[in-house]
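Structural overview
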Amino acid sequence: MNKKHTELLTFDRENIWHPYTSMSSPLPSYLVESAKGVEIKLATGETLIDGMASWWSVLHGYNHPKLNQAVIDQTEKVAHVMFGGLTHQPAVELCQKLIALTPKSLERVFLSDSGSVAVEVAIKMAIQYWHSKGEKNKHRLLTVRNGYHGDTFAAMSVCDPVTGMHQLFDQVLMKNLFAPAPGIAIDEEWQPEDTAALEALFAEHHQELAAFIIEPIVQGTGGMRFYHPEYLKTCAALCKKYRVLMIADEIATGFGRTGKLFACEWADISPDILCLGKTLTGGYMSLAATLCSEDVAVTISEGEAGCFMHGPTFMGNPLACAVASASIDLLKENDWQQQVARLEAILQQHLLPLSGHKRVKDARVLGAIGVVEARQSVNVANIQKRFVELGVWIRPFGKLIYIMPPYVTEKSDLLKVIRAIATVLDEDTCFNA
Ligand SMILES: *Cc1c(COP(=O)(O)O)cnc(C)c1O
């Protein structure tokens, strides 16, 4: 590492927050030089095969010629322009594609800057919906434990109360309702009792419930669990029965990751409101979308405010919309379904057998997601260092070593990622006692 690199890293460590880290004893950060395809190149010269897709978002690989070109072409036209009173082709084309691809109930689109904001928007839509109908006491939210929906306040109020550390913000958080987490896994036999506690909460509280929010099929950051589609189907039925809006948060699962284009398709449901983010721009930049039904949009618009009360400065950013549109085109061109099926088969054959390791409690695979749940929590600094030495990029948390590689990952590269996991499982220093 040269002097310049050392200076950059020193300033970074002393002055810049990273996600969920301490500023007094930060975890190390690695300096990135560039990235191409599925490889991240560090300033120190190593190249790492990316197992994380930069947190679910990079579908087609880094530095993709077509996505680069979409950004360049749009930059030369207009990089940004306000969305109040103005519109443009990239936003219109992207929203046309989103409406065509998502479940059929979803016909109106609100663009925003990040996943958390898309969830805030969804929650505000639900509350404004009931307010417009004159049912102002329907303002609470129901969800399940182990969920994750983002880091802003309303989003945080529906994250798991324990892993989301609700006690820190107790005085200001909305007081929402939590059903037990879905208990039956996607590959287990369905037991209707799994939704009994959820139904009891609907029955008791529906008069004060604006919406039910859930991550379809995959509970991501809250535990990387894959639950049974019948659970999701029951959620949709309960929402209908008790007049509660259903919000599906597909910020992580959208665009093919689970083997369906949207995870709602596992249960053949069509929510009232849908949140998209992370993968939306193929990992190029921050953009999110909240889609809703015509009923939701019209009811809000005819209520007291006469409009929906939200409007981010960078709403509908043309660069982000252009690259998102190009990313959706690439999904089709590349036959994402075949790409994900190919990765799933490799993960099933080579990652699942790690469940036999003495340090492993469970290994599971769904679509292009692979999870190894250890019996002990990982030592993040040590395990990360070993992964880098082994030429891969994986960022575990808690007891979870999980991967969601870019769809373009070659078999030999994915095998290298899996072998690295197998290697660290044998190393005591990578785990806490
Ligand atoms: C990451 C994530 C969010 C938050 O998105 P940000 O862009 O990080 O704000 C919300 N919901 C789910 C399911 C997520 O995975």
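These numbers were taken from a predicted model, which means no experiment stands behind them.

With respect to the overall build of the protein chain
From N to C terminus, the protein chain includes 13 helices and 16 strands. Taken against the 2.2 N^0.38 rule, which gives 22 Å for 433 residues, the C-alpha radius of gyration of the protein chain at 22 Å falls within 12% of a compact globule. With the C-alpha coordinates of the protein chain rotated into their principal frame, the extents come out at 65 × 55 × 45 Å. Per-residue burial over the protein chain gives 53% buried out of 433 residues. Element-wise, carbon and sulfur atoms account for 54% of the exposed surface of the protein chain, whose accessible area totals about 18,900 Å². Computing the positive centroid from 39 side-chain charges and the negative centroid from 48, the protein chain places the two 3 Å apart.

Observations regarding the packing of aromatic side chains
Scanning the model with the defined rule gives nine aromatic pairs in all. Aromatic pair Y129 and W130: ring centres 4.9 Å apart, planes at 85 degrees, arrangement edge-to-face. Residue classification places Y129 among the buried positions, given a relative accessible area of 4%. Arranged with centres 5.4 Å apart and planes meeting at 80 degrees, the rings of F397 and Y402 form a pair that is edge-to-face. Under the relative-accessibility criterion, Y402 is labelled buried at 5%. Through pairs of rings, three or more aromatic residues link up here, namely F202, F212 and Y242. Sitting over the ring of W130, K138 keeps its end group 4.5 Å from the ring centre.

Here we look at the nonpolar core
Generally speaking, soluble globular proteins have nonpolar side chains that are buried together. Counting residues in each nonpolar core, the largest one holds 103 residues, and the members touching the most others are F202, F212, I401 and I421. At eight residues, the largest contribution of residues to this core is made by helix α13 (residues 411-425). Leave out the neighbours within four places in its chain, and I401 touches G370, V371, V372, V378, I383, F387, I394, P396, I421, L425 and F431. Core analysis: the next-biggest nonpolar cluster, separate from the first, contains 30 residues, M125, Y129, A210 and F308 among them.

As for the pattern of salt bridges
Throughout the structure, instances matching the rule amount to 16 salt bridges. In this structure, the salt-bridge partner of E333 is K66, at a minimum N-O distance of 2.5 Å. Remark: K66 occurs in helix α3 (residues 65-77) and E333 occurs in helix α10 (residues 318-333); sequence separation between them is 267 residues. Relative accessible area serves as the criterion here: at 46%, K66 is assigned to the partly exposed category. Here R359 and D428 are joined by a salt bridge, their closest N and O atoms 2.7 Å apart. Residue R359 is located in the loop between α11 (336-350) and β13 (360-366), and its partner D428 is located in the segment after α13; the two are separated by 69 residues in the primary sequence. Salt bridges linked by common partners bring K361, D362, R364 and E373 together as one network.

Focus on the site of the ligand
As a matter of local geometry, the ligand sits amid S114, G115, S116, Y148, H149, G150, E215, D249, I251, A252 and K278. A distance of 2.9 Å is found between an oxygen atom of the ligand and a backbone nitrogen or oxygen belonging to G115. The fraction of the free accessible surface of the ligand (380 Å²) that becomes covered by protein chains is 83%.

Let's talk about the UniProt feature "binding site: pyridoxal 5'-phosphate" (unreviewed entry) in the protein chain
If you check UniProt for "binding site: pyridoxal 5'-phosphate" (unreviewed entry), the listed places come out as G115, S116, D249, P312 and T313 in our numbering. An extended arrangement is adopted by the annotated residues: their sequence extent is 199 residues, and the largest C-alpha distance between any two is 23.0 Å. With respect to the secondary-structure elements, G115 resides in helix α5 (residues 115-132). The residues contacting G115, other than those within four sequence positions of it, are I251 and A288. Considering the arrangement of structural elements, one finds T313 in the loop between α9 (294-301) and α10. The exposure class of T313 is exposed, given its relative accessible area of 62%.

What about the sheet that holds strand β14 (residues 369-374)?
Strand order in the open sheet formed by three strands is β13-β14-β16, and the pairing between neighbours is antiparallel. Looking at which strands have only one partner, the edges of the open sheet turn out to be β13 and β16 (400-403). Strand after strand, the sheet turns through a mean of 10 degrees between neighbouring axes, direction not considered. Together, β13, β14 and β16 form the strand contacts of α11, whose direction differs from that of β13 by roughly 160 degrees.

Details of helix α8 (residues 229-241)
Given a rise of 1.5 Å per residue, 13 residues ought to cover 18 Å, and the 18 Å separating the end C-alpha atoms of α8 matches this to within 8%. Every buried residue belonging to α8 is among P229, Y231, L232, C235, A236, L238 and C239, and all of these are buried. Of the surrounding secondary structure, the elements contacted by the buried residues of α8 are β5 (140-144), α7 (196-205), β7 (209-214) and β10 (245-249). Within two residues after α8, R243 carries a phi angle of roughly 55 degrees, on the positive side.

What to know about the packing of α3 against α10
Put simply, α3 and α10 touch, their axes get as near as 9 Å, and they point 150 degrees apart. On the basis of their axis angle, the class for α3 and α10 is roughly antiparallel. The handedness of the crossing between α3 and α10 is right-handed. Across the interface between the two elements, K66, L67, A70, V71, Q74 and T75 from α3 touch P318, L319, A322, V323, A326, S327, L330 and E333 from α10.

Topic: helix α4 (residues 89-101)
With 13 residues, α4 should reach 18 Å at 1.5 Å per residue; the first-to-last C-alpha distance of 18 Å fits that figure. Among all positions of α4, only P90, A91, L94, C95, K97 and L98 are buried. Projected onto a plane normal to the axis of α4, the buried residues spread over an arc of 160 degrees and lie on a single side. For α4, exposure combined with an orientation more than 90 degrees from the buried face picks out Q89, Q96 and A100. Those residues of α4 that are buried are in contact with α3, β4 (108-112), β11 (273-276), β12 (288-292) and α10.

Criteria and thresholds
- Residues numbered from 1 in each chain as written.
- Predicted model: local features only at pLDDT ≥ 70, side-chain atom pairs only at ≥ 80, totals over all residues.
- Heavy atoms only, no water.
- Helix = DSSP H or I, 4+ residues; strand = E, 2+ residues; numbered from the N terminus.
- Rg over C-alpha atoms; globule rule 2.2 N^0.38 Å.
- Buried < 20%, exposed > 50% of the residue type's maximum accessible area, 1.4 Å probe, protein only.
- Areas by Shrake-Rupley, 256 points an atom, 1.4 Å probe, with all protein chains shown as cover.
- Lys, Arg positive; Asp, Glu negative; His and termini not counted.
- Charge placed at Lys NZ, Arg CZ, Asp CG, Glu CD.
- Phe/Tyr/Trp six-rings, centres within 6.5 Å; stacked < 30°, edge-to-face > 60°.
- Lys NZ or Arg CZ within 6 Å of the ring centre and 35° of its normal.
- Core = buried A, V, L, I, M, F, W, Y, C linked by side-chain atoms within 4.5 Å.
- Contact = heavy atoms within 4.5 Å.
- Salt bridge = Lys/Arg side-chain N within 4 Å of Asp/Glu carboxyl O.
- Near = heavy atom within 4 Å.
- Polar contact = N/O pair within 3.5 Å; in protein donor to acceptor, adjacent residues only side chain to side chain.
- UniProt positions renumbered as here; feature names shortened; annotations may be inferred.
- Pairing = 2+ DSSP bridges.
- Axes fitted to C-alpha atoms, helices over the stretch in contact; angles between N-to-C directions.
- Expected span 1.5 Å × (residues − 1).
- Parallel < 35°, antiparallel > 145°, perpendicular 65-115°, else oblique.
- Left-handed = near helix turned anticlockwise from the far one by under 90°.
- Arc of directions from axis to C-beta.

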